[in-house]
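Structural description and commentary
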Amino acid sequence: MSAQPEWTPPELRPQQELLAMIEYVTENGYSSNPYDGYDKGLLAALRWAAGITSTPPVSDAPLDRPVTGTDAKREQYQAYEAMSGLAEPKLRAVAQDKGHGYVTGVENTLAWAVGGDALWMPGQS
């Protein structure tokens, strides 16, 4: 019987990567559809993960401390739930009020922020 690998919490990308992505999206946009809310969700997630804003983009419950990778992963899951339409009413309301593009942007961005490849980083091939 083999031992289970020890669980390690997700880590946020370095602050400079989060800030570089904010700068890029602010200057150039990211989504091919500037009206669907994706960029707004992307920026809301990045600003929260980078500590620029205190209110999470979907759950709307400030942490009163720096965001961790585990926090970002939890918020990503909440965005995913909001996208599915099967979430609790409070999360469904975010998707209805801000749009599916917004919660998709939040979900993709936070997946990237904890090391996934949901987005591409400008300047990298």
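On a predicted model such as this, the values are computed, not experimentally measured, just so you know.

Scanning the chain from N- to C-terminus turns up five helices and zero strands. Secondary structure of the chain in N-to-C order comes out as α-α-α-α-α. The C-alpha radius of gyration computed for the chain amounts to 15 Å, which stays within 12% of the reference 14 Å derived for 125 residues, consistent with globular compactness. Within the span of the chain, comprising 125 residues, buried residues form 42% of the whole. A separation threshold of at least 6 residues defines the contact pool for the chain, and within that pool the share at least 24 residues apart is 62%.

We now examine the pattern of salt bridges. Under the definition given, this model contains three salt bridges. With its nearest N and O atoms 3.2 Å apart, the salt bridge here joins Arg-13 to Glu-17. Residue Arg-13 is classed as partly exposed on the basis of its relative accessible area of 21%. Note on Glu-17: relative accessible area 22%, which makes it partly exposed. For Asp-71, the salt bridge is made with Arg-65, and the minimal N-O distance between the two is 2.6 Å. According to the relative accessible area criterion, Asp-71 is buried, its value standing at 5%. Each of Arg-65, Asp-71 and Arg-74 takes part in salt bridges that share partners, so that together they form one network.

With that out of the way, let us pick up the side chain of Thr-104. As for its placement among the helices and strands, Thr-104 is situated in helix H5 (residues 100-113). Classification of Thr-104 by relative accessible area gives buried; the value is 16%.

Moving on: the packing of aromatic side chains. This structure, assessed with the given rule, holds one aromatic pair. With a centroid separation of 6.4 Å and an interplanar angle of 20 degrees, the aromatic rings of Tyr-30 and Tyr-38 are classed as stacked. For the pair shown, Tyr-30 and Tyr-38 are each scored as buried.

Another aspect to go through is the confidence of the model for the chain. Per-residue confidence for the chain averages 89 on the pLDDT scale, and 95% of its residues sit at or above 70. Mean pLDDT in the chain bottoms out at helix H4 (residues 89-98), which sits at 90, and peaks at helix H2 (residues 38-49), which reaches 96.

Before going further, it helps to spend a moment on unusual backbone geometry. One non-glycine residue with positive phi stands out, namely Asp-60, at about 60 degrees. With respect to the secondary-structure elements, Asp-60 resides in the loop between H2 and helix H3 (69-84). Note on Asp-60: relative accessible area 48%, which makes it partly exposed. Positive phi, close to 60 degrees, is recorded for Asp-64, a residue that is not glycine.

Turning to the environment of Leu-86, a few remarks are in order. Considering the arrangement of structural elements, one finds Leu-86 in the loop between H3 and H4. Taking the C-alpha atoms as reference points, Leu-86 and Leu-110, separated by 24 residues in sequence, lie 20 Å from one another.

Grouped together as the largest cluster of nonpolar side chains are 32 residues, with contacts concentrated most on Met-21, Leu-42, Val-58 and Trp-112. Counting residues per element, this core draws most heavily on H2, which supplies eight residues. Ignoring anything within four residues of it in the chain, the contact list for Trp-112 reads Arg-13, Glu-17, Leu-18, Met-21, Leu-46, Ala-118, Leu-119 and Met-121.

At their nearest, the axes of H4 and H5 sit 6 Å apart, and the two run at 120 degrees to each other. Touching Val-94, Ala-95 and Lys-98 of H4 are His-100, Tyr-102 and Val-103, all from H5.

Here is what the cut-offs are and how they apply
- Residues numbered from 1 in each chain as written.
- Predicted model: local features only at pLDDT ≥ 70, side-chain atom pairs only at ≥ 80, totals over all residues.
- Heavy atoms only, no water.
- Helix = DSSP H or I, 4+ residues; strand = E, 2+ residues; numbered from the N terminus.
- Rg over C-alpha atoms; globule rule 2.2 N^0.38 Å.
- Buried < 20%, exposed > 50% of the residue type's maximum accessible area, 1.4 Å probe, protein only.
- Contact = heavy atoms within 4.5 Å.
- Salt bridge = Lys/Arg side-chain N within 4 Å of Asp/Glu carboxyl O.
- Phe/Tyr/Trp six-rings, centres within 6.5 Å; stacked < 30°, edge-to-face > 60°.
- pLDDT = per-residue confidence, 0-100.
- Core = buried A, V, L, I, M, F, W, Y, C linked by side-chain atoms within 4.5 Å.
- Axes fitted to C-alpha atoms, helices over the stretch in contact; angles between N-to-C directions.

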